[in-house]
Amino acid sequence: MPRSKIAGIGMYVPEKVVTNNELKQYMDTDDQWIQERTGIQERHYAHRTEETTTTMAVEAATIAIHRAGISAGDIDFIVFATLSPDYYFPGCGVLLQRAMKMKEIGALDVRNQCSGFLYALSVADQFIKTGMYKNILVVGSEKHSFGLDFTTRGRNISVIFGDGAGAVVLQATEKENCGILSTHLHSDGESAEILAMYNPGTHANHWADKNYAAFDEAEIGQMFMSHAMIDQAQNFPFMDGQSVFKKAVVKFPEVIMEALIKNGYNPSDINLLIPHQANLRISQFVQQKLKLRDDQVYNNIQHYGNTTAASVPIALCEAWQKGMIKEGDLVCLAAFGSGFTWASALLKW
Ligand code: UT7
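Reading the values: the criteria
- Residues numbered from 1 in each chain as written.
- Predicted model: local features only at pLDDT ≥ 70, side-chain atom pairs only at ≥ 80, totals over all residues.
- Heavy atoms only, no water.
- Buried < 20%, exposed > 50% of the residue type's maximum accessible area, 1.4 Å probe, protein only.
- Helix = DSSP H or I, 4+ residues; strand = E, 2+ residues; numbered from the N terminus.
- Pairing = 2+ DSSP bridges.
- Axes fitted to C-alpha atoms, helices over the stretch in contact; angles between N-to-C directions.
- Contact = heavy atoms within 4.5 Å.
- Parallel < 35°, antiparallel > 145°, perpendicular 65-115°, else oblique.
- Left-handed = near helix turned anticlockwise from the far one by under 90°.
- Nonpolar A, V, L, I, M, F, W, Y, C, P; charged D, E, K, R; others polar.
- Domains from an automatic or database assignment.
- 1 Å grid on protein atoms, 1.4 Å probe; cavity = no way out; pocket = protein on both sides within 12 Å on 5 of 7 lines; lining within 4 Å.
- Points joined across faces, edges and corners; volume = space filled by probe spheres on them.
- Near = heavy atom within 4 Å.
- Polar contact = N/O pair within 3.5 Å; in protein donor to acceptor, adjacent residues only side chain to side chain.
- Areas by Shrake-Rupley, 256 points an atom, 1.4 Å probe, with all protein chains shown as cover.

1. Observations concerning helix H12 (residues 311–321)
The buried fraction of H12 amounts to 9 of the 11 residues, a majority that puts the element mostly inside the structure. Buried within H12 we find Ser311, Val312, Pro313, Ile314, Ala315, Leu316, Cys317, Glu318 and Ala319. Within two residues after H12, glycine 323 carries a phi angle of roughly 80°, on the positive side.

This is the structure:
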């Protein structure tokens, strides 16, 4: 049975850097609060008009494909993870296929927020293991800066997120004991509304006080995106940060241990853990819980903020570029976020 390995990796972050202090012009916040609670010092924001989730993905994908020593025409399938797509529909997968002038290959969009890249990687891994595809482009890309509440009302979320993209070419290999050893996916929808963007959507809970039966179809249609919705800031993400934090510090170690146990390893065997960059405090908690040394965990949230689906491939790419991952290393990827969904992947580089 073929296995899958990362044959090429790339990342892209927009040029514009926004420091914590710069956010003070929009909201009541301060550098000390942000750094103490999250570790974030700065983040990158996409160019307002010229950059989208897809264009950033193209930049990262181009590097990954080049490093894999293949061309865009060799890609058999695309799996694109994002929570900030260019359009409500169609998804970014087809936009990437068009922009990169790829063949009429399949393009799958994954909506698993912070765990999106790991879900995408796992899907791609299965396609390779079955022998269906040989080169799959797996992408995580986000343009958060366009959809955040930059008033004090939204400060608990807006200061956290940043823009960027990461991509890998997952390739079939016959080589033993290398590449993806296993992936582990989980969800618990009980807390779906704790970290979510409710609108636009078809749930219409915000009209719960109204009698639906009294409206005709045209009026209901208007409610998909209404003035009231915007007035009530329901078009921005909502997060109960403390509840997310409490669950994250339990599920991260759990899903990392699941991957290690499945493959007969201990935490001390990990050469590098790349946790989703949600909050430096969460990563530090996970590190302590698993008794990992500093050099076993890679964090870069300080400079990029939380880029959700892009955070794992960006961190993985940066660590690799710094020479921190060598052939034969045991690398663990893990993520937790909205849904809740959480996931891990264990790789031999
Ligand atoms: O990647 C997706 C998964 N997301 C996560 O894993 C996020 C997990 N949660 C967290 O990282 C933390 O909950 C946050 C960093 C988001 C917030 O930290 P916290 O310690 O949970 O703060 P809090 O929301 O409980 O707010 C504490 C105080 C509040 O003020 P009062 O009510 O105590 O007066 C907030 O209004 O901090 C205030 N606050 C801020 N102050 C300055 C909230 N945001 C800010 C801000 N600047 N940006």
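Anyway, onward from the coordinates.
2. Some points on the environment of glutamine 302
Tracing the backbone through its elements, the reader meets glutamine 302 in helix H11 (residues 301–304). For glutamine 302 and phenylalanine 340, which are 38 residues apart along the polypeptide, the C-alpha to C-alpha distance reads 24 Å.

3. So, the sheet that holds strand E8 (residues 179–187)
Taken together, 4 strands build an open sheet; the order of strands is E8-E13-E12-E11 and the sheet is mixed. Sheet topology places E8 and strand E11 (272–275) at the edges, where each strand pairs with a single neighbour. Here the strands of the sheet are splayed against their neighbours by 10° on average, with no regard to which way each runs. For strand E12 (residues 330–337) and strand E13 (residues 341–348), the ladder comprises 8 bridges, and the chain directions are antiparallel. Looking at E13, one finds that leucine 333 is bridged to alanine 345. Helix H5 (residues 116–129) rests against E8, E12 and E13 of the sheet, and its axis sits at about 125° to E8. Its contacts with the sheet place helix H9 (residues 241–262) against E8, E11, E12 and E13, and it is angled at close to 150° to E12.

4. What about the packing of H9 against helix H10 (residues 280–289)?
Contact geometry for H9 and H10: axes closest at 10 Å, N-to-C directions at 45°. By the angle between their axes, H9 is oblique relative to H10. Note on packing geometry: the crossing formed by H9 with H10 is right-handed. Across the interface between the two elements, Phe245, Ala248, Val249, Phe252, Pro253 and Ile256 from H9 touch Arg281, Ile282, Phe285, Val286 and Lys289 from H10. Within the contact of H9 with H10, the residues separate by chemical class into 9 nonpolar, no polar and 2 charged.

5. Observations concerning the domain arrangement of the protein chain
When the parts of a complex come together, some accessible area is lost, and that lost area is often taken as the interface size. Parsing the protein chain into structural domains produces domain 1 (3–173), domain 2 (179–192 + 238–348) and domain 3 (198–231). Its C-alpha centre places domain 1 at a distance of 31 Å from the equivalent point of domain 3.

6. Section: the layout of surface pockets
Regions of empty space are outlined by a rolling probe, equal in size to a water molecule, passed over the atoms. Quantified by volume, the second largest pocket comes out at close to 240 Å³. Every residue lining the second largest pocket is counted, 13 residues in all, and those nearest its centre are Lys5, Ile6, Cys178, Lys348 and Trp349. Breaking the lining of the second largest pocket down by element, the ones donating at least two residues are strand E1 (3–12) and E13. In terms of residues, the lining of the second largest pocket owes the most to one element, E1, which gives 3 residues. Partitioned by chemical class, the residues of the lining of the second largest pocket number 5 nonpolar, 4 polar and 4 charged. Each of domain 1 (3–173) and domain 2 (179–192 + 238–348) contributes no fewer than three residues to the lining of the second largest pocket.

7. Regarding the site of the ligand
Thr29, Arg37, Gln242, Asn279 and Asn306 are the nearest of the 21 residues found near the ligand. Arginine 37 has a polar side-chain atom sitting 2.6 Å from an oxygen atom of the ligand. Protein chains bury 73% of the 950 Å² of accessible surface belonging to the ligand in isolation. Within the residue set of the shell around the ligand, elements represented by two or more residues are helix H2 (31–38), helix H6 (155–158) and H9. Each residue belonging to the shell around the ligand can be placed in one class, and the counts come to 10 nonpolar, 8 polar and 3 charged. Residues lining the shell around the ligand come from more than one domain, with at least three contributed by each of domain 1 (3–173) and domain 2 (179–192 + 238–348).

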